[in-house]
Amino acid sequence: MAAAAPIIPAKAAPSLPTPLAAGGNRQTLLLHRCKTVHDLRQIHGHLVKTGAAHLPSVVENLLECSALLLPDSLDYAVKVFGASPRPTTQAYNILIRAYTRNGCPYESLALLLLMLDRSARPDKHTLSCVLKACSRVFSRRCGEQVHAHALKAGFRSEEFVVNSLIHMYACCGEVGLARKLFDGMSTRGIVTWNATIAGYFKVGEWREVVELFRSMLERGVAFDKVTLISVLTACGRLGDLDLGKWIGEYVEANGLKECQNLATALVDMYAKCGEVETARKLFDEMPHPDVVAWSAMISGYTQANRSREALALFHDMQKAIVEPNEVTMVSVLSSCADLGALETGKWVHSYIKRKNFQFAVNLGTALVDFYAKCGCMDNALEVFKNMPIRNAWSWSVLIQGLASNGQGRQALEVFASMLEAKFLPTDVTFIGVLSACSHAGLVEEGQAFFDNMSKKYGISPRIEHYGCMVDLFGRAGLIEEAYWFIKSMPIEPNAIVWRTLLSACKVHKNVKFGEEALKQIVKLEPRHSGDYILLSNIYASVGRWEDAVRLRNRLKEKGIAKDPGCSLIELEGMIFEFFAEDSSHPQSKEIYDQVNEIVTKIKLAGYVANTAEARLDAEEDEKEVSVSHHSEKLAIAFGLMKSAPGTPIRVSKNLRVCTDCHSATKLISKVYEREIIVRDRNRFHHFKDGSCSCNDYW
């Protein structure tokens, strides 16, 4: 046995040359004070001179400083690591963590393989970091291999590793495996609960998010802000206002509103649950809302069909000098589409180009939808062609846009291209396809597509698909077939389906089935004035004037008011709103003078007012004036006043265009040599040279 080393008296102890014996803490402190790679190089050089650079603890400190603390110094860290003859597990962990954090997950995985090849032993921190790298690249296969190693290494019950495994499987879409791990744990901390909730969050299983949170409450498990943010998002998606309010009260009572992310989640939840005013109140209380908060509030207005307020808030966001993101732009474009605000939407498109936004699927699809809903199909097609990535939703939006704009055959060509590109159609796709068949008069093709939905693609028809088929038969004049199709439906027809039949009966002057359609509608929606007026017009079209008057009198007796027509027109970036017989506009006199001029000119071209479309309480001698003051005529008159000759006029209306306005607008387009695009509740009407794209069927 070797002799024990002699004990040196303290007073005789020589000063030690190696830095970590006495000066290690000082040099560690110096490393952590480095602000640049140049500082690091100087200290590193000193450590090399003193012979301390090879010591494991020094290597670890050098790695931590260069890989994690200093910006843009990862390459230096790799050199430090490469110069170490036998890196410790901690050294590997630092570099693996740095690679993952700097967006180099594959390098993290490669370093683990090198570690195993050199017989270094990964610990729980190694495995956790590598699993995070697997999550970043959505590699379930790599994650499973790490999982297998963790089991062999005895980390089966290590909560730190299991939490990372739950996160990895969830990120890879394997939430079932994540839940299995969760259920198999004997003890679960808040990190475990949050990881599992986050897994369901990532795949959009909102019900499971809420149920897990309720389990936490029942078991008395503590939760934190991260938990609440996830659960509030789920409440918004599910419309679970009760739980959302409970969380809101908890946040208020515990003074957590200062957390910006939590306050934003509350704004988003209230907005999605229809409590837009509450959401706005919370938003206004935020001292410095970030882009996420602005986007949540704008999205809330958009989803509540309060598009003008959405655009107004977007303008406020610009004044606050907050840069919008993709989510903001999608909501703004949706509002522009809803209002038919072409110029505003075009400005948004140019802004997207100017700021070099990533042309992601959602943003590209929103642009296609916007242009389609403004009647600009050439622009929509151009955007679609330039999209680097498309999904089934992108194709569906384009198909529906073409169908709504009267380009049915082209919509079917796009559908064929979608199938050639190996995209599977969805139920939404088939709504567009069936609408296209209807507009193109392709009855047999439409029936074949309807049958193939379930037979070939396994898609069960929804009420919207049945409505499209009724429209298909009705548009082709097959009224009786449409009626029996409704009677044979496996699901209960709604008012919209019967109303579609009623509209077809009006076009084809079919009293028998028109009466039956109204009878069924009244059972479902007894106070919808437009239905009575449609049947009244059918009676008038076949000379049954007494029945027409009787039906209108019935409306008066029941106290059912005709829905007020409202039309929007955008000029020079501003939205102008007109109601029937409206006199609130500051230029009302000039507008009505313009209307009178229009009526005079189109009468010379053959226009005869259809007084059956006048308001119910109008006296006989007032009816012609009443129909001339419908909202779309006021909007068109204003457009003629304010836009340059030859410029297209675009109008959006909340109701179906009436027969009189349709006839008048055809003649206005001819007399004034203007293209006029009107979007009503059902479709687009492109008026040009005295004709309409709908071929007088709408």
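Residues numbered from 1 in each chain as written. Predicted model: local features only at pLDDT ≥ 70, side-chain atom pairs only at ≥ 80, totals over all residues. Heavy atoms only, no water.

The name recorded for the protein chain in an unreviewed UniProt entry is DYW domain-containing protein, from Zingiber officinale.

Novice: Before we go on, may I ask you to explain the overall build of the protein chain in this structure?
Specialist: For the protein chain, the helix and strand inventory stands at 37 helices and six strands. Put simply, the protein chain has 698 residues, and 51% of those count as buried. Considering only residue pairs separated by 6 or more positions, the protein chain has 62% of its internal contacts joining residues 24 or more positions apart. Of the roughly 33900 Å² of accessible surface on the protein chain, a fraction of 52% belongs to carbon and sulfur atoms. (Helix = DSSP H or I, 4+ residues; strand = E, 2+ residues; numbered from the N terminus. Buried < 20%, exposed > 50% of the residue type's maximum accessible area, 1.4 Å probe, protein only. Contact = heavy atoms within 4.5 Å. Areas by Shrake-Rupley, 256 points an atom, 1.4 Å probe, with all protein chains shown as cover.)

Novice: Would you mind going over the packing of helix H16 (residues 260-272) against helix H18 (residues 291-303) with me for this structure?
Specialist: Helix-helix packing is characterised by the crossing angle of the two axes and by the distance between the axes. Where H16 contacts H18, the two axes come as close as 9 Å, and the packing angle between them is 5°. In terms of orientation, H16 lies roughly parallel with respect to H18. Counting all contacts with H16, which are made through Thr264, Val267, Asp268, Ala271 and Lys272, the residues of H18 involved are Val292, Ala293, Ala296, Met297, Ser299, Gly300 and Gln303. Per-class residue counts for the contact of H16 with H18 are six nonpolar, four polar and two charged. (Axes fitted to C-alpha atoms, helices over the stretch in contact; angles between N-to-C directions. Parallel < 35°, antiparallel > 145°, perpendicular 65-115°, else oblique. Nonpolar A, V, L, I, M, F, W, Y, C, P; charged D, E, K, R; others polar.)

Novice: For this particular structure, what's the right way to read the UniProt feature "repeat: PPR" (unreviewed entry) in the protein chain?
Specialist: Under the UniProt annotation, the feature "repeat: PPR" (unreviewed entry) is placed at residues 88-122, 189-223, 290-324 and 391-425. For residues 290-324, helix accounts for 74% and strand for 0%, while the C-alpha atoms at its two ends are 10 Å apart. (UniProt positions renumbered as here; feature names shortened; annotations may be inferred.)

Novice: I'm lost on the environment of Gly401 in this one. Help?
Specialist: In this structure, Gly401 sits in helix H24 (residues 392-404). In this structure, the C-alpha to C-alpha distance between Gly401 and Phe684, residues 283 residues apart in sequence, is 9.5 Å. Here Gly401 is in contact with Ala372 and Met377, once residues within four sequence places are set aside.

Novice: Please explain helix H19 (residues 307-319) as it appears in this structure.
Specialist: Each α-helix turn comprises 3.6 residues. Residues three or four places apart therefore point the same way. Over its 13 residues, H19 extends 19 Å from the first C-alpha to the last, a length consistent with the 18 Å expected when each residue adds 1.5 Å. Those residues of H19 that fall on the buried side of the exposure criterion are Ser307, Ala310, Leu311, Leu313, Phe314 and Met317. Seen end-on, H19 carries its buried residues on one side only, within an arc spanning 160°. Buried residues along H19 sit against helix H17 (276-285), H18, helix H20 (326-339) and helix H21 (342-354). Within two residues after H19, Ile321 carries a phi angle of roughly 55°, on the positive side. (Expected span 1.5 Å × (residues − 1). Arc of directions from axis to C-beta.)

Novice: What am I meant to see in the sheet that holds strand E2 (residues 574-579) here?
Specialist: Sheet strands associate in pairs through backbone hydrogen bonding, adopting either a parallel or an antiparallel arrangement. Strand order in the open sheet made by the six strands is E2-E1-E3-E4-E5-E6, with mixed pairing throughout. In this open sheet, the two edge strands, each paired with only one partner strand, are E2 and strand E6 (691-692). Bridging between strand E3 (residues 649-653) and strand E4 (residues 676-679) involves four bridges; their strand directions are parallel. Looking at the pairing, Val651 lines up with Val678 of E4. (Pairing = 2+ DSSP bridges.)

Novice: Is there a simple way to explain the side chain of Ser503 in this structure?
Specialist: Locating Ser503 in the fold gives a position in helix H30 (residues 495-508). Look past the residues within four positions of Ser503 in its chain and what remains in contact with it is Leu534 and Arg656.

Novice: Quick question: what am I supposed to make of unusual backbone geometry here?
Specialist: For residues that are not glycine, phi is negative in most cases, and the peptide bond is trans in most cases. We note that Ser119 has phi near 65°; this positive angle belongs to a residue other than glycine. When you line up the elements, Ser119 lands in the loop between helix H7 (105-117) and helix H8 (124-136). With a phi angle near 55°, Asp689 is a residue other than glycine that sits in the positive phi range. Mapped onto the fold, Asp689 is located in the loop between strand E5 (684-688) and E6.

Novice: Is there a simple way to think about the pattern of salt bridges in this case?
Specialist: This model, assessed by the stated rule, comprises 27 salt bridges. For Arg179, the salt bridge goes to Asp183, with nearest N and O atoms at 3.0 Å. Of this pair, Arg179 and Asp183 are both found in helix H11 (residues 175-183), four residues apart, which corresponds to roughly one turn of the helix. Owing to a relative accessible area of 23%, Arg179 belongs among the partly exposed residues under this scheme. A single network of salt bridges, built from pairs that share partners, joins Glu252, Lys257, Lys281 and Glu285. (Salt bridge = Lys/Arg side-chain N within 4 Å of Asp/Glu carboxyl O.)

Novice: Honestly, the environment of Val522 in this entry has me stumped. Any pointers?
Specialist: Within the secondary structure, Val522 is located in helix H31 (residues 511-524). Among the residues examined, Val522 registers a relative accessible area of 22% and is labelled partly exposed. Spatially, the C-alpha atom of Val522 lies 8.4 Å from that of Ala495, the residues being 27 residues apart in sequence.

Novice: How should I be thinking about the packing of aromatic side chains in this particular structure?
Specialist: Here a ring pair, both rings aromatic, is described through the centre-centre distance and the interplanar angle of the planes. Counted by the stated rule, this structure contains 26 aromatic pairs. Geometrically, the ring pair formed by Phe578 and Phe638 is tilted, given 5.4 Å between the ring centres and 55° between the ring planes. Remark: Phe638 occurs in helix H36 (residues 631-642) and Phe578 occurs in strand E2; sequence separation between them is 60 residues. According to the relative accessible area criterion, Phe578 is buried, its value standing at 2%. Every member of this aromatic cluster is reached through a ring pair, and the members are Phe213, Phe223, Trp246 and Tyr250. A cation sits over an aromatic face here: Arg188 above Phe182, 4.3 Å from the ring centre. (Phe/Tyr/Trp six-rings, centres within 6.5 Å; stacked < 30°, edge-to-face > 60°. Lys NZ or Arg CZ within 6 Å of the ring centre and 35° of its normal.)

Novice: Explain the pairing of E2 to me, please; I cannot follow it from the model alone.
Specialist: The two faces of a sheet get side chains in turn, since along a regular strand they alternate between them. As judged from the six bridges shared by strand E1 (residues 566-571) and E2, these two strands associate in the antiparallel manner. Directly across from Cys566, in E2, lies its bridge partner Phe579.

Novice: What am I meant to see in a positive patch on the surface here?
Specialist: Judged by side-chain charge, Arg97, Arg101, Lys132 and Arg136 come together as a positively charged surface patch. Going through the elements one at a time, helix H6 (89-101) and H8 are the ones with two or more residues in the positive patch. Position of Arg97 among the secondary structure elements: in helix H6. You can call Arg97 partly exposed: its relative accessible area is 43%. (Patch = residues over 30% accessible without salt bridge, like charges linked within 9 Å, V, L, I, M, F, W, Y side chains within 5 Å. Lys, Arg positive; Asp, Glu negative; His and termini not counted. Charge placed at Lys NZ, Arg CZ, Asp CG, Glu CD.)

Novice: What exactly am I supposed to notice about the packing of helix H26 (residues 427-440) against helix H27 (residues 443-455) here?
Specialist: Across the interface, H26 lies against H27 with an axial gap of 8 Å and an inter-helix angle of 165°. Looking at the two axes, H26 sits roughly antiparallel to H27. Crossing geometry of H26 relative to H27 is assigned as left-handed. For the pair formed by H26 and H27, the contact residues are Phe430, Val433, Leu434 and Cys437 on the first element and Glu445, Gly446, Phe449, Phe450 and Met453 on the second. (Left-handed = near helix turned anticlockwise from the far one by under 90°.)

Novice: Would you take a moment to explain the confidence of the model for the protein chain for this structure?
Specialist: When pLDDT is low, close inspection of the predicted coordinates is not appropriate. Mean pLDDT over the protein chain stands at 87; residues scoring 70 or higher make up 90%. Per-element averaging of pLDDT across the protein chain places helix H1 (residues 19-22) at the bottom with 39 and helix H29 (residues 479-487) at the top with 97. Confidence drops under pLDDT 50 across residues 1-24; counting only partners more than four residues distant or on other chains, this segment forms 11 contacts. (pLDDT = per-residue confidence, 0-100.)

Novice: Help me understand the side chain of Ser396, please; the structure alone is not making it clear to me.
Specialist: Structurally, Ser396 can be placed in helix H24. Only 2.8 Å separates the side chain of Ser396 from the backbone oxygen of Ala392, close enough to count as a polar contact. Setting aside its immediate chain neighbours within four residues, Ser396 contacts Thr426, Val428 and Thr429. (Polar contact = N/O pair within 3.5 Å; in protein donor to acceptor, adjacent residues only side chain to side chain.)

Novice: I would appreciate a short explanation of the pairing of E1 in the present structure.
Specialist: Most of E1 sits out of view: six of its six residues are buried. Burial along E1 is two-sided: Cys566, Leu568 and Glu570 facing one way and Ser567, Ile569 and Leu571 facing the other are all buried. The antiparallel pairing of E1 with E2 creates a hairpin that spans two residues between the two strands, and Glu572 there sits at a positive phi of about 50°. Of the strand pairs in this sheet, E1 and E3 are connected by three bridges, and their pairing is antiparallel. The residue of E3 that forms the bridge with Ser567 is Lys653.

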